[in-house]
Amino acid sequence: MNTATQIWTIIRKDVLVELRSKDIIISMLVFGLIVLAVFNFVFEPGSSALRQTVPGILWVAILFAGNLGLHRSSVREFENAMIQGVLLCPIDRSYIYIAKVTSNVIFMIGMEIIILPVMVVFFDLTVSDLLPFLGVLFLGTLGFAGVGSLFSTMSAQTKSREIMLPVLLFPICVPIILAATKSTAVLLDSQNTQDIGMWIRLLIGFDAIFLVVCFLLFDYVLEE
Amino acid sequence: MIHVENIAKSFGHNQALQNISFDVSKGEYAAILGVNGAGKTTLVKILSTLSRPSSGIATINGFNLLKKSVDIRSHIGVMTHNSFLYPDLSALENLQFYAQMYGISLKPGVDELLHVVGLYHRKYDSVRTFSRGMQQRLSLARAVLHKPQILLLDEPFAGLDVKAADMLKNLIRDAIAEDTTVLLTTHDVDFAMHNASRILMLHQGQLMEDSPAKMLSIETVKQKLIDSAS
């Protein structure tokens, strides 16, 4: 058995199931758009206060919507014990983690592709404002989905799964959230670019650490 | 083929299995009987690598359960009362997914299996639209897709209609004829006594009987189960 083919098979299955059900993407989109709309009502268009808060608004929308998507993604696998079918296949369980992270990143990017243009309209931004920020967006999404895929798998096996996931996930993700919001603020400000390297290095570093640790732990969180 | 030595499993203070030891040879058909909570499902979960034993050793096809679980999984087929099927995918897509996970060619094996379980005409239909019996038949196709040398069946007849149960029994007979080892848990004493070559009985996580089926009478087995339940 080729491990890469197996990982790809799981990703393709996840995407196919989502294309049929659409419950992850729709729940994430609705939540993300509501967050953006509410903040849009709060600030005057073009105000400096708005400009300063945009990074926070953006990441609140992405992370909270992502939390919802990660929760749905794992709960779906545990409904009718479908995850056990995958666990019975001849693949090392850590590779299932890689497939799950990739699927979740794809779902989150799908949501972001729709949310970003809405942000441009709501918060008086330009496309050129957002272009340098796409790399940071990917790194933040990867780190959050990486940790979230592990914790959502853990929380999906508990009774209070809806509460358990954000309680576990957000404190652990603080370094990623901090680095992502700070990098975004620096990039959108475009005046103070001195610190950007430090924040991006921090983001890459925490992404790498979290992904490796979660990869090694995934087998144990599936243990009964 | 299956070697189990002093396997124990506990969940907190609850001792689900205690020092279970037995061997099942190649081509043997062993039935595990026991009342609810006796430890049958826990044992099957351990042997299918879904759960780790708290202590003890087990090997399947010579592969150590803890060290070579990936190798073991390519040699076993598992069917339980859960179908492990994705309701949003069609019957064909479900089998194609598992076929690719086992690294086997998609055709003609998948189509042939769908014929065998009588679902070829519904292969493009979403599993969500299937009855419980149809889902179990498809689940059986999933379990034998990679032609496993060992079949682990955990109460496979639960919730099946007569047609689906007959189909499953025929498939188990065919598997035995092809020298497949079968380990099945069931509450159906009559079925186990008439079909299995070996009877294992669990009571409160302990093995209380391990005998060839022909050495036991149905009445004796039923009485033991009634006694263990009281």
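Residues numbered from 1 in each chain as written. Chains lettered and ligands numbered in written order. Predicted model: local features only at pLDDT ≥ 70, side-chain atom pairs only at ≥ 80, totals over all residues.

Enquirer: Would you mind going over the overall build of chain A with me for this structure?
Expert: Of the regular secondary structure elements, chain A holds ten helices and zero strands. For chain A, the α and β elements follow one another from N to C terminus as α-α-α-α-α-α-α-α-α-α. The globule rule puts the C-alpha radius of gyration for 224 residues at 17 Å, and the 18 Å found for chain A is close to it. With the C-alpha coordinates of chain A rotated into their principal frame, the extents come out at 55 × 35 × 30 Å. Among the 224 residues that make up chain A, the fraction classed as buried is 43%. Restricting to contacts in chain A with at least 6 residues of sequence separation, those with at least 24 account for 81%. (Helix = DSSP H or I, 4+ residues; strand = E, 2+ residues; numbered from the N terminus. Rg over C-alpha atoms; globule rule 2.2 N^0.38 Å. Buried ≥ 20, exposed ≤ 12 C-beta atoms within 10 Å, placed from the backbone. Contact = placed C-beta atoms within 7 Å.)

Enquirer: I keep staring at the overall build of chain B and nothing clicks. Help me out?
Expert: Looking only at helices and strands, chain B has eight helices and ten strands in total. In terms of C-alpha radius of gyration, chain B reaches 18 Å, essentially the compact-globule figure of 17 Å for 230 residues. With respect to the three principal axes, the spread of C-alpha positions in chain B is 50 × 40 × 35 Å. Buried residues in chain B amount to 45% of all 230 residues. By sequence separation, contacts in chain B at least 24 residues apart represent 69% of the contacts at least 6 residues apart.

Enquirer: Explanation requested: the pairing of strand 1 (residues 2–11) of chain B in the structure shown.
Expert: All names here are of chain B. With seven bridges connecting them, strand 1 and strand 2 (residues 14–24) associate as antiparallel partners. From the neighbouring strand, Ser10 faces strand 2, where its bridge partner is Gln15. Here strand 1 folds back onto strand 2 in antiparallel fashion, the turn holding two residues, of which Gly12 has a positive phi close to 65°. The sheet contact formed by strand 1 and strand 4 (residues 55–60) spans five bridges and is antiparallel. In the sheet register, Glu5 faces strand 4, and the bridge partner there is Ile57. (Pairing = 2+ DSSP bridges.)

Enquirer: When you look at the environment of Val54 of chain A in this model, what are you seeing that I'm missing?
Expert: Residues and elements named next belong to chain A. Mapping Val54 onto the fold places it in helix 3 (residues 48–78). Along the backbone, Val54 and Phe215 are 161 residues apart, and their C-alpha atoms lie at a distance of 33 Å. Setting aside chain neighbours within four positions, we find Val54 in contact with Phe123 and Leu188.

Enquirer: Please clarify how the packing of helix 3 of chain A against helix 7 (residues 134–155) of chain A should be interpreted in this entry.
Expert: A pair of packed helices is characterised by two quantities: the angle between their axes and the separation of those axes. Residue and element names in this part refer to chain A. Running from N to C, helix 3 and helix 7 cross one another at 40°; their axes reach a closest spacing of 9 Å. In terms of their interaxial angle, helix 3 and helix 7 are classed as oblique. With respect to the hand of their crossing, helix 3 and helix 7 are arranged in right-handed fashion. Across from Leu63, Gly66, Asn67, Leu70, His71, Ser73 and Ser74 in helix 3, the residues of helix 7 making contact are Phe144, Ala145, Gly148, Ser149, Ser152 and Thr153. The class makeup of the residues in the contact of helix 3 with helix 7 is four nonpolar, nine polar and no charged. (Axes fitted to C-alpha atoms, helices over the stretch in contact; angles between N-to-C directions. Parallel < 35°, antiparallel > 145°, perpendicular 65-115°, else oblique. Left-handed = near helix turned anticlockwise from the far one by under 90°. Nonpolar A, V, L, I, M, F, W, Y, C, P; charged D, E, K, R; others polar.)

Enquirer: So what exactly am I meant to see when it comes to the interface of chain A and chain B here?
Expert: Reports often express the size of an interface as the amount of accessible area lost when the parts come together. The partner chain B presents 21 residues to the 23 residues of chain A that form the contact. Among the elements of the structure, helix 1 (3–21) and helix 4 (82–87) of chain A are those that each provide at least two residues to the side of chain A that touches chain B. The element best represented in the side of chain A that touches chain B is helix 1 of chain A, accounting for eight residues. Its residues assigned to classes, the side of chain A that touches chain B comprises ten nonpolar, eight polar and five charged.

Enquirer: Explanation requested: the sheet that holds strand 10 (residues 206–212) of chain B in the structure shown.
Expert: Sheet strands pair by backbone hydrogen bonding; their relative direction is either parallel or antiparallel. Residue and element names in this part refer to chain B. Reading across the sheet, the six strands line up as 6-7-8-3-9-10 and stay open at both edges, with mixed pairing between neighbours. One side of each edge strand has no neighbouring strand; the edge strands of this open sheet are strand 6 (76–79) and strand 10. Direction aside, the axes of adjacent strands within the sheet are offset by 15° on average. As paired strands, strand 7 (residues 150–154) and strand 8 (residues 181–185) are joined by five bridges and run parallel to one another.

Enquirer: It is not clear to me how the nonpolar core should be interpreted in this structure. Could you clarify?
Expert: Generally speaking, nonpolar side chains in soluble globular proteins are found buried as a group. Counting residues in each nonpolar core, the largest one holds 132 residues, and the members touching the most others are Ile32, Leu47, Leu138, Leu152 and Leu183 of chain B. By residue number, the principal contributor to this core is helix 5 (residues 93–122) of chain A, which donates eleven residues. For Leu152 of chain B, the residues in contact, after removing those within four places along its chain, are Val44, Leu47, Ser48, Ile76, Val78 and Leu183 of chain B. (Core = buried A, V, L, I, M, F, W, Y, C linked by C-beta atoms within 7 Å.)

Enquirer: Which parts of the structure should I look at to understand unusual backbone geometry?
Expert: Backbone geometry follows two general trends: most residues other than glycine have a negative phi, and most peptide bonds adopt the trans configuration. All names here are of chain B. Positive phi outside glycine occurs at Asn6, with the angle close to 55°. The residue Asn6 is located in strand 1 in this model. With 14 C-beta atoms packed within 10 Å, Asn6 lands in the partly exposed category. Its identity as a non-glycine residue notwithstanding, Lys147 has a phi of 50°, on the positive side. Among the structural elements, Lys147 can be located in the loop between helix 5 (132–144) and strand 7.

Enquirer: What's the story with the confidence of the model for chain A in this structure? I'm lost.
Expert: The predicted coordinates should not be examined in detail at positions where pLDDT is low. When pLDDT is averaged along chain A, the result is 90; 97% of the residues meet or exceed 70. Per-element confidence in chain A is highest for helix 1 of chain A, whose mean pLDDT is 95, and lowest for helix 6 (residues 127–130) of chain A, whose mean pLDDT is 79. (pLDDT = per-residue confidence, 0-100.)

Enquirer: Any chance you could explain the sheet that holds strand 4 of chain B here in plain terms?
Expert: Reading across the sheet, the four strands line up as 2-1-4-5 (chain B) and stay open at both edges, with antiparallel pairing between neighbours. Of all the strands in the sheet, just strand 2 and strand 5 (63–64) of chain B have a single pairing partner and so form its edges.

Enquirer: Could you clarify how one ought to interpret the confidence of the model for chain B in this entry?
Expert: Per-residue pLDDT for chain B averages 89, and the proportion of residues at 70 or more is 99%. Across the interface, the model reports ipTM at 0.91; the global pTM reads 0.91.

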